[in-house]
Amino acid sequence: KYRHPFPRGEVYQLLCIDDYAVLQQIPRGLPLNSHKIIRQDLKLLNSAQDAYLSAGLRSSKSKTVKNAKKAVVLGGEIDGVKGTISAPKLRIHVLCKLTLALVNLGWTKHLIQSLLGCWIFVLLFRRPLLALLSEVFHAGDQKGPHEVFPLNTGTKHELLLLCIWAPHMYTNLR
């Protein structure tokens, strides 16, 4: 829920279309195979695997991740040690480099919409930072989708602000 704290609990089940994920909090310092931990995550994943098989569906072994402190889950990079979720760091880095390289070049409406869509995905992990954007949504309003035009100063500033604030585009799950 937007503007609500992450729900309290030890086990979280996440489902998006055909991707299923289970996250379990493990007390810091305990090994994953400790007898002090009841591994609900593994029980739920095994139940899901059985359900897939009984329904005649297949699961992807290459996407299966177990016992990881860091992983990309449903498009978000979760760092279980820090307790954060964000867009994958490499994706953010490449997006910053691309934005910085393109900011002084000519743009097309199609290009700016594509780049902006990538930034919106990153910003959804820290929604208040969407407030950085305003003029960029109107760039090229009077142009055709493939007509090249220069960006105005306000739009350039907004794109540069995205690069400056990029390291803060994450959510603290704690």
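That block above? That's the structure.
The shown structure was predicted, so the numbers you read here are calculated from the model rather than taken from an experiment.

K.L.:
Explain the overall build of the protein chain to me, and be specific about the residues and the numbers.
P.N.:
Looking only at helices and strands, the protein chain has four helices and six strands in total. At 21 Å, the protein chain has a C-alpha radius of gyration far larger than the 16 Å of a compact globule built from 174 residues. Taking all 174 residues of the protein chain together, 29% fall into the buried category. A separation of at least 24 residues holds for 56% of the contacts in the protein chain among residues at least 6 apart in sequence. Accessible surface, the protein chain as shown: approximately 11,900 Å² in total, 58% of it carbon and sulfur. Computed over 23 positive and 11 negative side-chain charges, the separation of the two mean positions in the protein chain equals 7 Å.

K.L.:
Outline the pairing of strand S3 (residues 70-73), supporting the account with residue identities and numerical values.
P.N.:
Side chains Ala-71 and Val-73 project from S3 onto a buried face, and the interleaved Lys-70 and Val-72 project onto a face without burial. With four bridges joining them, S3 and strand S4 (residues 76-79) adopt antiparallel strand pairing. Residue pairing in the sheet places Val-72 in a bridge with Glu-77 of S4. The turn joining S3 and S4, which pair antiparallel and follow one another in sequence, is formed by two residues; a positive phi near 50° is taken by Leu-74.

K.L.:
Summarise the packing of aromatic side chains; cite the residues concerned and give the values.
P.N.:
On inspection of all chains with the given rule, the structure shows one aromatic pair. Judged by centre distance (5.4 Å) and plane angle (85°), the rings of Phe-121 and Phe-125 are edge-to-face. In this structure Phe-121 comes out as partly exposed when scored by relative accessible area, which is 24%. Overall, the relative accessible area of 13% leaves Phe-125 in the buried class.

Parameters and conventions
Residues numbered from 1 in each chain as written. Predicted model: local features only at pLDDT ≥ 70, side-chain atom pairs only at ≥ 80, totals over all residues. Heavy atoms only, no water. Helix = DSSP H or I, 4+ residues; strand = E, 2+ residues; numbered from the N terminus. Rg over C-alpha atoms; globule rule 2.2 N^0.38 Å. Buried < 20%, exposed > 50% of the residue type's maximum accessible area, 1.4 Å probe, protein only. Contact = heavy atoms within 4.5 Å. Areas by Shrake-Rupley, 256 points an atom, 1.4 Å probe, with all protein chains shown as cover. Lys, Arg positive; Asp, Glu negative; His and termini not counted. Charge placed at Lys NZ, Arg CZ, Asp CG, Glu CD. Pairing = 2+ DSSP bridges. Phe/Tyr/Trp six-rings, centres within 6.5 Å; stacked < 30°, edge-to-face > 60°.

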